[in-house]
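Architecture and fold: a report
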Amino acid sequence: MDTNIADLRKDYTLQDLNEKQIDPNPFIQFKIWFGQSLAAQLPEPNAMTLATCTSEGQPSARMVLLKDFDERGFVLFTNYNSQKGQELTVNPHAALVFWWAELERQVRIVGTVEKISAAESDNYFEIRPAYSRLGAWASNQSEIIANREILELQLQEFQRKYENQEVPRPPHWGGFRVIPQKIEFWQGRSSRLHDRLLYTRVDDGSWEIERLSP
């Protein structure tokens, strides 16, 4: 390998972040930053790392897509029988990370998890592309399969089954909502002296804001 990994570094100089700039409501602050990521035309600004744990505390993480957010929390969709689905069911705690490299920004979210209502899952499923709806039936997510052909044959089977019909939502597929207890907004700064502002939910439902050392 020609490149020395230890020499890879970037000095962050685009912006700062201070207590006077931010909204006291972290959901409004997230909406502002998310809107700026959209305006900057970043690739998949709703991509986020989802970290989960088994009941024994074994962690795992993967990239997923944010599909909705409001003051109740942050929503993603999956097969409930997948690894992440099972882990979120037996250990309903999760962490999310958004990384917007072009803006030198990161958002970290830690909270509890709940399944969203069947009606909410139905509403989102109905607006998915047809092949995505069929794929939710064809894939037994996270299960071992012998080859790609098995997956494609299963897809063809469901294409025939639902030909000229509306594809219903599988009972094993739906949404989870991450209900944040902490949300950290991170802005890269020069010399690794980054700005970190942490919102923590307090007992009365309001939010405490503290600055963290980088």
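Residues numbered from 1 in each chain as written. Predicted model: local features only at pLDDT ≥ 70, side-chain atom pairs only at ≥ 80, totals over all residues. Heavy atoms only, no water.

**Here we look at the environment of Gln 187**
With respect to the helices, strands and loops of the structure, Gln 187 is situated in strand E7 (residues 173–187). Excluding its chain neighbours within four sequence positions, the residues that come into contact with Gln 187 are Gln 15, Asp 16, Leu 17, Trp 33, Leu 103, Glu 104, Arg 105, His 194 and Asp 195. A distance of 3.1 Å separates the side chain of Gln 187 from the backbone oxygen of Glu 104, its partner in a polar contact. (Helix = DSSP H or I, 4+ residues; strand = E, 2+ residues; numbered from the N terminus. Contact = heavy atoms within 4.5 Å. Polar contact = N/O pair within 3.5 Å; in protein donor to acceptor, adjacent residues only side chain to side chain.)

**Structural notes on the UniProt feature "binding site: substrate" (unreviewed entry) in the chain**
Mapped onto this numbering, the UniProt entry gives "binding site: substrate" (unreviewed entry) at Arg 9, Lys 10, Asp 11, Tyr 12, Lys 67, Tyr 124, Arg 128, Ser 132, Arg 192, Leu 193 and His 194. Over a stretch of 186 residues, the named residues are scattered through the fold, their C-alpha atoms separated by up to 43.0 Å. Among the residues just listed, Lys 67, Tyr 124, Arg 128 and Ser 132 line the largest pocket. Looking at where Asp 11 falls in the secondary structure, it is placed in the segment before helix H1 (26–39). Here the side chain of Asp 11 touches Ser 190 through a polar contact of 2.8 Å, side chain to side chain. (UniProt positions renumbered as here; feature names shortened; annotations may be inferred. 1 Å grid on protein atoms, 1.4 Å probe; cavity = no way out; pocket = protein on both sides within 12 Å on 5 of 7 lines; lining within 4 Å.)

**Considerations on unusual backbone geometry**
Of note in this structure, Ser 142 is not a glycine but carries a positive phi near 80°. Summarising the element assignment, Ser 142 is placed in the loop between helix H4 (130–138) and helix H5 (148–161). Judged by its relative accessible area of 52%, Ser 142 is exposed. Phi is positive for Arg 192, close to 65°, though the residue is something other than glycine. Tracing the chain through its elements places Arg 192 in the loop between E7 and strand E8 (195–201). Classification of Arg 192 as partly exposed rests on a relative accessible area of 39%. (Buried < 20%, exposed > 50% of the residue type's maximum accessible area, 1.4 Å probe, protein only.)

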